[in-house]
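Remarks on the overall topology
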Amino acid sequence: MKTIELVETVTALMAGDKGLLAMDESTPTCNKRFEEAGIPQTEEYRRAYRELIVTAPGLAKCISGAILYDETIYQATASGVLFIDILKEAGIIPGIKVDEGTIGLAGFPGEKITEGLDGLPERLSKYYSLGARFAKWRAVITIGAGIPTKGCIEANMHLLARYAAMCQESGIVPIVEPEVLMDGSHDLKTCFDVTSRVQHALFDQLFTQRVNLHALILKPNMVLPGLSCARQADVNTIAEATVSCLLESVPPAVAGVAFLSGGQSPELATAHLNAMHVMYRDKLPWALTFSFARAIQQPALEIWKGKNENVKAAQEMLVHRASLNNAARRGAYNPAMEKEK
Ligand code: 13P
């Protein structure tokens, strides 16, 4: 195993107050976001949007790594420079989403399993030769009546561990993303309990599959009440629940934890990360940062609207949101900074 290289990559990804930018929406997901924003859903618009992101001036000051999607890793700017080369040149480490999305889990109504393990070693070596140094695989866990089941959690965590082992063998740092969805009316405690069960099952499988935790990034959900739960929680309560849950279940050897935003508003996702650092400064055994997609991109996408004349303003908003998350990682964010642009 290329342990030294893997540890160097993970150290660079978790450095300073930076975080990761997830720009790995699959084509259907990207099209859905475009449709909501009134943007045409074509390959050229997706390319132009990703060009806007990777060429945003100042992005590298805030972002250590960007997660690409298979379509995007082969795309280039209008002037013909590959996005992956632009990122490398700027000092942003390119990563790649390698799962192939979810399907229904046979025998388990309402639950999902992630596909994409077949042929993965070959795809990883191709992505490595293109310059990708880390990867992402997302498992989805739904909370509902009688779910998640043990069968669903174990099947998904086993796949995450197999994927992680294959990545490390290829010199690629795995991000393991077991996402407990926000959808539903469950309360904070239910999300805490499910997230805890999922993390325990994940690390059990990671040990069994001989994954090196020093060369691994965990991408968890924050512990939140369901979107339609009548009792929402304040920022500090969520920060405390999230960090307590992770401290109980994530071994200190793990190199880094980088949250997904999961449908929280950008402001709340930032405020939650900030509160975790304010409350637990110097008490965390792992680097704790962000790996947001919507919570960094959404305001910029809404400014862009698919129009050339809006590119500069959209890029400024993208970098502004990323820099607010840098402040959160230092515990130095406050909502008044939202307007300082
Ligand atoms: P969100 O931050 O929009 O939840 O996306 C993160 C991600 O990478 C989902 O797989």
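Above this text sits the structure in question.
Residues numbered from 1 in each chain as written. Predicted model: local features only at pLDDT ≥ 70, side-chain atom pairs only at ≥ 80, totals over all residues. Heavy atoms only, no water.

1. Some remarks on empty space enclosed by the protein
This model, assessed by the stated rule, comprises two cavities of 30 Å³ or more. Empty space within the largest cavity amounts to approximately 70 Å³. Lining of the largest cavity is provided by Glu25, Cys30, Arg33, Phe34, Tyr49, Ala293, Arg294, Gln297, Gln298 and Leu301. Contributions of two or more residues to the lining of the largest cavity are made by helix H2 (27–36) and helix H12 (294–304). When residues of the lining of the largest cavity are assigned to their parent elements, the largest contribution, four residues, is made by H12. Grouping the constituent residues of the lining of the largest cavity by class yields five nonpolar, two polar and three charged. Looking at the second largest cavity, its volume works out to about 30 Å³. Lining the second largest cavity, in full, are Glu179, Val180, Met182, Asn221, Met222, Leu224, Leu260, Ser261, Gly262 and Gln264. By residue class, the composition of the lining of the second largest cavity is five nonpolar, four polar and one charged. (1 Å grid on protein atoms, 1.4 Å probe; cavity = no way out; pocket = protein on both sides within 12 Å on 5 of 7 lines; lining within 4 Å. Points joined across faces, edges and corners; volume = space filled by probe spheres on them. Helix = DSSP H or I, 4+ residues; strand = E, 2+ residues; numbered from the N terminus. Nonpolar A, V, L, I, M, F, W, Y, C, P; charged D, E, K, R; others polar.)

2. Brief notes about the packing of helix H7 (residues 120–130) against helix H8 (residues 150–169)
Running from amino to carboxyl end, H7 crosses H8 at an angle of 40°, the nearest separation of the two axes being 10 Å. In terms of orientation, H7 lies oblique with respect to H8. Handedness of the H7/H8 crossing: right-handed. Contacts from Leu120, Pro121 and Leu124 of H7 reach H8 at Tyr163, Met166 and Cys167. Across the contact of H7 with H8, the residue classes break down as six nonpolar, no polar and no charged. (Axes fitted to C-alpha atoms, helices over the stretch in contact; angles between N-to-C directions. Parallel < 35°, antiparallel > 145°, perpendicular 65-115°, else oblique. Left-handed = near helix turned anticlockwise from the far one by under 90°. Contact = heavy atoms within 4.5 Å.)

3. As for the side chain of serine 170
Positionally, serine 170 belongs in the loop between H8 and strand S7 (173–180). A polar contact of 3.1 Å, which involves the side chain of serine 170, links it to the backbone oxygen of methionine 166. Sequence-distant contacts of serine 170, defined by excluding residues within four places in its chain, comprise Lys2, Leu124 and Tyr128. (Polar contact = N/O pair within 3.5 Å; in protein donor to acceptor, adjacent residues only side chain to side chain.)

4. Examining the environment of alanine 76
Tracing the backbone through its elements, the reader meets alanine 76 in the loop between helix H5 (70–73) and helix H6 (83–90). With relative accessibility at 19%, the residue alanine 76 sits in the buried group. Separated by 28 residues in sequence, alanine 76 and alanine 48 place their C-alpha atoms 9.2 Å apart. (Buried < 20%, exposed > 50% of the residue type's maximum accessible area, 1.4 Å probe, protein only.)

5. Here's the deal with the environment of arginine 210
Along the chain, the position of arginine 210 falls in the loop between helix H9 (188–208) and strand S8 (217–218). The exposed category is assigned to arginine 210, whose relative accessible area is 74%. Along the backbone, arginine 210 and glutamate 309 are 99 residues apart, and their C-alpha atoms lie at a distance of 51 Å.

6. Section: the site of the ligand
Close contacts around the ligand come from 13 residues, with Lys136, Lys219, Ser261, Gly262 and Arg294 the closest. With respect to the ligand, the backbone of glycine 262 contributes an N or O atom lying 2.6 Å from an oxygen atom. Bound to the protein, the ligand loses 92% of the 300 Å² it would expose on its own. With respect to the detected pockets, the ligand is housed in the largest pocket. Counting only elements with at least two residues in the shell around the ligand, the list comes to strand S6 (134–141) and strand S10 (287–292). Here the shell around the ligand is composed, by residue class, of four nonpolar, three polar and six charged. (Near = heavy atom within 4 Å. Areas by Shrake-Rupley, 256 points an atom, 1.4 Å probe, with all protein chains shown as cover. Sits in = over half its atoms within 2 Å of the grid points.)

7. Describing the packing of H12 against helix H13 (residues 311–329)
Where H12 meets H13, the axes come as close as 8 Å, and the angle between the chain directions of the two elements is 165°. Taken together, the axes of H12 and H13 lie roughly antiparallel to each other. Along this stretch, H12 crosses H13, giving a crossing that reads as right-handed. Where H12 abuts H13, its residues Ala295, Ile296, Gln297, Pro299, Ala300, Ile303 and Trp304 lie against Val311, Ala313, Ala314, Met317, Leu318, Arg321, Ala322 and Asn325. In terms of residue class, the contact of H12 with H13 is built from 12 nonpolar, two polar and one charged.

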